[in-house]
Amino acid sequence: MTPPLPLRSRLAATLALLPAAVWLVAAALSGQPLLPLGLVALLAAAAGVGLLLRQHRRDLAVLADSVAQGTEDEEERASPAAHELAGAIARLRRTLSDDAAEAQAQLEADEAILEALHDPLVLIDAERQVARANAAARALFGDKVAGRDLAASVRNPTVLEAVDAVLAGGSSRIVEFAQPVPVERTFEVRVTPFQRRAPGSPRMAILTLHDITTIRRSEQMRADFIANASHELRTPLSSLLGFIETLRGPARDDLEAHERFLGIMHDQASRMSRLVNDLLSLSRIELDEHMPPAGRVDVPACIRGVLDSLELKAAARRIALRLEAPDGLPAAIGDEDQLTQVFSNLISNAVKYTRPDSEISVTVALSDTAAAGPVPAAPARRAPPGRSLAVAVIDRGEGIPRQHLPRLTERFYRVDAARSRAMGGTGLGLAIVKHIVNRHRGRLTIDSEVGTGSTFTVYLPVAAPLGVGAAQPAAKRRAGDAA
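Trainee: So what exactly am I meant to see when it comes to the overall build of the protein chain here?
Mentor: Within the protein chain, the regular secondary structure consists of 12 helices and 12 strands. Within the protein chain, the proportion of its 483 residues that are buried is 38%. For the protein chain, the proportion of contacts with a sequence separation of at least 24, taken over those separated by at least 6, is 66%. Taken as a whole, the protein chain presents about 26,900 Å² of accessible surface, with 58% of it coming from carbon and sulfur.

What follows is the structure in structure tokens.
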């Protein structure tokens, strides 16, 4: 489409024709004989002006095409000046297009880098609203973190004060904060000022969070290990030193005392070995507690293996082991070795504390964990959403008074310390169970009645939606009973 002539061009053409037109009108009014000659001059001037306007209009059309399409005139219908200008416009357009494509590619690369960062990164505007959040930040705070005040996601006064100080013009800050759920994690937060290059743009802040949970837990575990080991190992070490001194002194030639003391020393050394192994196991579990497992575990098969390994121990006390699990149960999300340790600790404790000539039942079933359950064993973590696998270990022991239930999973807590040590317990078994269950985003509950027995129930998230077969009535499976 040919663009219309500008007003200035039309005005210039009018001014060029005006003298001839005025002279022609004056000649006609005065009756001069040169009227025909003046008319010819006026027509010639009008034709020249028309040609100029036509070329000017054609040049405008070429320039318009160059601006719109970025191409130079191929038909050479424009003037040399217009043709040269059209070429410059086309080259400028291509340069700008290349620059825009390069900037877009750089922007996409920057976006991909931010999204791929392992550490959460959040951009805060001048009003403390979250302007941007990468994938790690959205996974930590939720998909709706953007567009909300930072306080809705980070409820920590120290972090919010640091952000406010940086937004007010302060320098970079480094603080720490702990996120308590679903598993406690510790982050090092760096608050850095950021301002766009545009003049007058508001000051913003970049929030980066580095997970230092493993570092802090390692430090705490070293301190706990020293404190716990020194406390729990003091008694057996003192016993060993006393017996060694006795054997080297008064009982040097007493063979009967040798046999008796060496048996006691063996028991004490074995207890120390179990204690150190449990402490190391607990340390390893706590290191990975904030990282949920991703494997699939056949829970009934895992429990059968544990029952087989404890069959002789149960038979020595004439205890029958029974497993009840319907067919078609879905797999649980978990670490098979750690879940084996959970079931082994719970069933082994049941074998120790149940009455002789009785039965221990282990049941596996689908359960709605949102329903009200037994008294929690410790300050309860939230149970996994939806339906879960419930594994209940039921013994027929003396039972546990209810006032002890909330503290059973504490390290070295014992209801009857003397009886626990006599049976070879370290006081760490239920603490290990608790931390493994927490890592699996599950739940541990304990229900006990004095004189009747106890029920330890572990809820584990399922690995897949329930199938049709899991809802149908299924036959019960039983482990071999130990007479």
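Trainee: I keep staring at the packing of aromatic side chains and nothing clicks. Help me out?
Mentor: Per the counting criterion, the structure on display carries two aromatic pairs. Consider the rings of Phe 177 and Phe 187, whose centres lie 5.6 Å apart with planes at 20 degrees: the pair is stacked. Placement of the pair is Phe 177 in strand β3 (residues 173-179) and Phe 187 in strand β4 (residues 185-195), with a sequence separation of 10 residues. Residue classification places Phe 177 among the buried positions, given a relative accessible area of 8%. Judged by relative accessible area, which is 1%, Phe 187 ranks as buried.

Trainee: What am I meant to see in helix α11 (residues 429-439) here?
Mentor: Every α-helix carries 3.6 residues per turn, so stepping three or four residues along brings you back to the same face. The buried count for α11 comes to 10 of 11 residues, which makes it a mostly enclosed element. Those residues of α11 that sit buried are Gly 429, Leu 430, Ala 431, Ile 432, Val 433, His 435, Ile 436, Val 437, Asn 438 and Arg 439. Just past α11, the residue Arg 441 takes up positive phi, approximately 55 degrees.

Trainee: Explanation requested: the pairing of strand β11 (residues 443-449) in the structure shown.
Mentor: Remark: a regular strand shows side chains that alternate across the two faces of the sheet. The buried count for β11 comes to five of seven residues, which makes it a mostly enclosed element. Bridge analysis of β11 against strand β12 (residues 453-461) gives seven bridges, and the strand direction is antiparallel. Residue pairing for β12: Asp 447 is matched across the bridge by Thr 455. In textbook terms, the turn of a hairpin is the stretch between consecutive antiparallel strands, and for β11 and β12 this stretch comprises three residues, one of which, Gly 451, has a positive phi near 90 degrees.

Trainee: It is not clear to me how the packing of helix α8 (residues 299-316) against helix α9 (residues 336-353) should be interpreted in this structure. Could you clarify?
Mentor: Packed helix pairs are specified by the crossing angle of their axes together with the interaxial distance, meaning the distance between the axes. Here α8 crosses α9 at 40 degrees, and the two axes come no closer than 9 Å. Considering their axes alone, α8 and α9 lie oblique with respect to each other. Classified by chirality, the crossing of α9 by α8 is right-handed. Packed against α8, whose contacting residues are Val 299, Cys 302, Ile 303, Val 306, Leu 307, Leu 310, Lys 313 and Ala 314, the element α9 presents Glu 336, Leu 339, Thr 340, Phe 343, Ser 344, Ile 347, Ser 348, Val 351 and Lys 352 at the interface. Here the residues of the contact of α8 with α9 sort into 11 nonpolar, three polar and three charged.

Trainee: Any chance you could explain a nonpolar patch on the surface here in plain terms?
Mentor: A grouping of Ile 113, Leu 114 and Leu 117 is seen on the molecular surface, where their side chains present a nonpolar patch of about 230 Å² in accessible area. Tracing the backbone shows Leu 114 in helix α3 (residues 80-116).

Reading the values: the criteria
- Residues numbered from 1 in each chain as written.
- Predicted model: local features only at pLDDT ≥ 70, side-chain atom pairs only at ≥ 80, totals over all residues.
- Heavy atoms only, no water.
- Helix = DSSP H or I, 4+ residues; strand = E, 2+ residues; numbered from the N terminus.
- Buried < 20%, exposed > 50% of the residue type's maximum accessible area, 1.4 Å probe, protein only.
- Contact = heavy atoms within 4.5 Å.
- Areas by Shrake-Rupley, 256 points an atom, 1.4 Å probe, with all protein chains shown as cover.
- Phe/Tyr/Trp six-rings, centres within 6.5 Å; stacked < 30°, edge-to-face > 60°.
- Pairing = 2+ DSSP bridges.
- Axes fitted to C-alpha atoms, helices over the stretch in contact; angles between N-to-C directions.
- Parallel < 35°, antiparallel > 145°, perpendicular 65-115°, else oblique.
- Left-handed = near helix turned anticlockwise from the far one by under 90°.
- Nonpolar A, V, L, I, M, F, W, Y, C, P; charged D, E, K, R; others polar.
- Patch = residues over 30% accessible without salt bridge, like charges linked within 9 Å, V, L, I, M, F, W, Y side chains within 5 Å.
- Salt bridge = Lys/Arg side-chain N within 4 Å of Asp/Glu carboxyl O.

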